[in-house]
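Results of the structural survey
Single-letter residue listing:
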Amino acid sequence: MKISLIGYRGTGKTTIGAKLAEDLHLGFIDADQLLQERAGRKISEIFATDGEPVFRQLEADLIHELANSKESFVLSTGGGVILRPENRAALQSAGPVVWLKATPRTICTRLKLDSATAHQRPALLAETKPDHTPEEQMLYEVTTLLARREPFYQETASFDVTTDERDETQIVREILEKL
Ligand code: S3P
């Protein structure tokens with residue numbers, strides 16, 4: 001059995017995925033982490049040096065490989081994995097897909113709190129608003145991309161779970177109930 005977690009940055013895919021795997025006595029794979037280990041580079045470096053399309057191809061190759069492997073595990077994916085139809089199909093064919101949701105405000109708060117890794121996150125929206133503060137720009141990016149991506153998360157997910165103002169245990173319990 002493979003259980004995949006999808007959702008925007010800051011929705012808790014890695015934390016929740018690791019706990020879910022522990023509770024189910026399954027292995028845990030963080031796709032972005034594995035991709036970085038194999039590439040020997042941070043995702044931000046791949047974006048900066050080779051560009052986003054190269055990253056998206058590496059991501060698609062890895063998702064294809066994992067979805068077709070014989071192993072059972074919980075898989076945490078990068079927030080943009082749902083952009084390619086072949087990734088959406090691969091995840092759906094591999095097993096249940098859980099969409100972790102959060103509002104743009106919650107996502108921004110979590111990303112700001114996670115300042116240690118902030119510099120490693122590539123900017124995902126080329127468009128910037130010169131009159132915006134960095135906080136306003138972040139909220140603009142998250143709101144814009146979430147609106148674009150939501151139909152794809154919806155289409156791919158077996159079910160969704162809200163993560164706003166809830167702790168890990170509650171979120172994992174709800175996933176286990178819905179599986
Ligand atoms: C991305 C999210 C990141 C990573 C890459 C692109 C996105 O993963 O895959 O920076 O397009 O939303 P996380 O969702 O784990 O931060």
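What you are looking at is a predicted structure, and each value in this text was computed from that prediction instead of being measured.

Digging into the overall build of the protein
- Regarding its fold elements, the protein presents eight helices and five strands.
- The C-alpha atoms of the protein give 16 Å as radius of gyration, which agrees with the globular expectation for 179 residues (16 Å, within 12%).
- Projected onto its principal axes, the C-alpha positions of the protein cover 50 × 35 × 30 Å.
- The contacts of the protein with a sequence gap of at least 6 include a subset with a gap of at least 24, amounting to 78%.

Let's talk about the environment of Val-74
- Assignment of secondary structure puts Val-74 in strand E3 (residues 73–76).
- The buried category is assigned to Val-74, around which 27 C-beta atoms lie within 10 Å.
- Spatially, the C-alpha atoms of Val-74 and Ile-29 are 6.2 Å apart, while their sequence positions differ by 45 residues.

Comments concerning the UniProt feature "binding site: Mg(2+)" (unreviewed entry) in the protein
- According to UniProt, the feature "binding site: Mg(2+)" (unreviewed entry) maps to Thr-14 in the numbering used here.
- In this structure, Thr-14 sits in helix H1 (residues 13–24).
- Apart from residues no more than four positions distant in its own chain, Thr-14 is found in contact with Asp-30 and Ser-76.

Here we look at the site of the ligand
- Taken together, the neighbourhood of the ligand is formed by Arg-9, Lys-13, Asp-32, Ile-43, Gly-78, Gly-79, Gly-80, Arg-121, Pro-122 and Leu-124.
- Across the shell around the ligand, the residue classes tally to three nonpolar, three polar and four charged.

Focus: the sheet that holds strand E5 (residues 159–162)
- The five strands lie next to each other as E2-E3-E1-E4-E5, forming an open sheet whose pairing is parallel. At either end of the open sheet lies a strand with only one pairing partner, and these are strand E2 (27–30) and E5. Going from strand to strand, the sheet's axes swing by 25° on average, the running direction of each strand aside.
- Running at roughly 175° to E3, H1 makes contact with strand E1 (2–6), E2, E3 and strand E4 (97–101) of the sheet.

What about the confidence of the model for the protein?
- Here the protein shows a mean pLDDT of 94. Residues at 70 or above account for 98%.
- Both scores are given for the predicted complex: the pTM is 0.95, the ipTM 0.98.

A look at the packing of helix H2 (residues 31–39) against helix H4 (residues 52–68)
- Running from amino to carboxyl end, H2 crosses H4 at an angle of 115°, the nearest separation of the two axes being 10 Å. In terms of axis orientation, H2 runs roughly perpendicular to H4. Like other packed secondary-structure pairs, H2 and H4 cross with a definite hand, here right-handed. Facing Ala-31, Leu-34, Leu-35 and Ala-39 of H2, the residues of H4 in contact are Leu-58, Glu-59, Leu-62, Ile-63 and Leu-66.

Some remarks on the environment of Gln-36
- Residue position: Gln-36 is located in helix H2.
- Residue classification places Gln-36 among the partly exposed residues on the basis of 18 C-beta atoms within 10 Å.
- Put simply, Gln-36 and Leu-58 are 22 residues apart on the chain and 9.9 Å apart in space, counted from C-alpha to C-alpha.
- Sequence-distant contacts of Gln-36, that is, excluding residues within four places in its chain, are made with Arg-41, Lys-42 and Ile-43.

Rules used in this analysis
- Residues numbered from 1 in each chain as written.
- Predicted model: local features only at pLDDT ≥ 70, side-chain atom pairs only at ≥ 80, totals over all residues.
- Helix = DSSP H or I, 4+ residues; strand = E, 2+ residues; numbered from the N terminus.
- Rg over C-alpha atoms; globule rule 2.2 N^0.38 Å.
- Contact = placed C-beta atoms within 7 Å.
- Buried ≥ 20, exposed ≤ 12 C-beta atoms within 10 Å, placed from the backbone.
- UniProt positions renumbered as here; feature names shortened; annotations may be inferred.
- Near = placed C-beta within 6 Å.
- Nonpolar A, V, L, I, M, F, W, Y, C, P; charged D, E, K, R; others polar.
- Pairing = 2+ DSSP bridges.
- Axes fitted to C-alpha atoms, helices over the stretch in contact; angles between N-to-C directions.
- pLDDT = per-residue confidence, 0-100.
- Parallel < 35°, antiparallel > 145°, perpendicular 65-115°, else oblique.
- Left-handed = near helix turned anticlockwise from the far one by under 90°.

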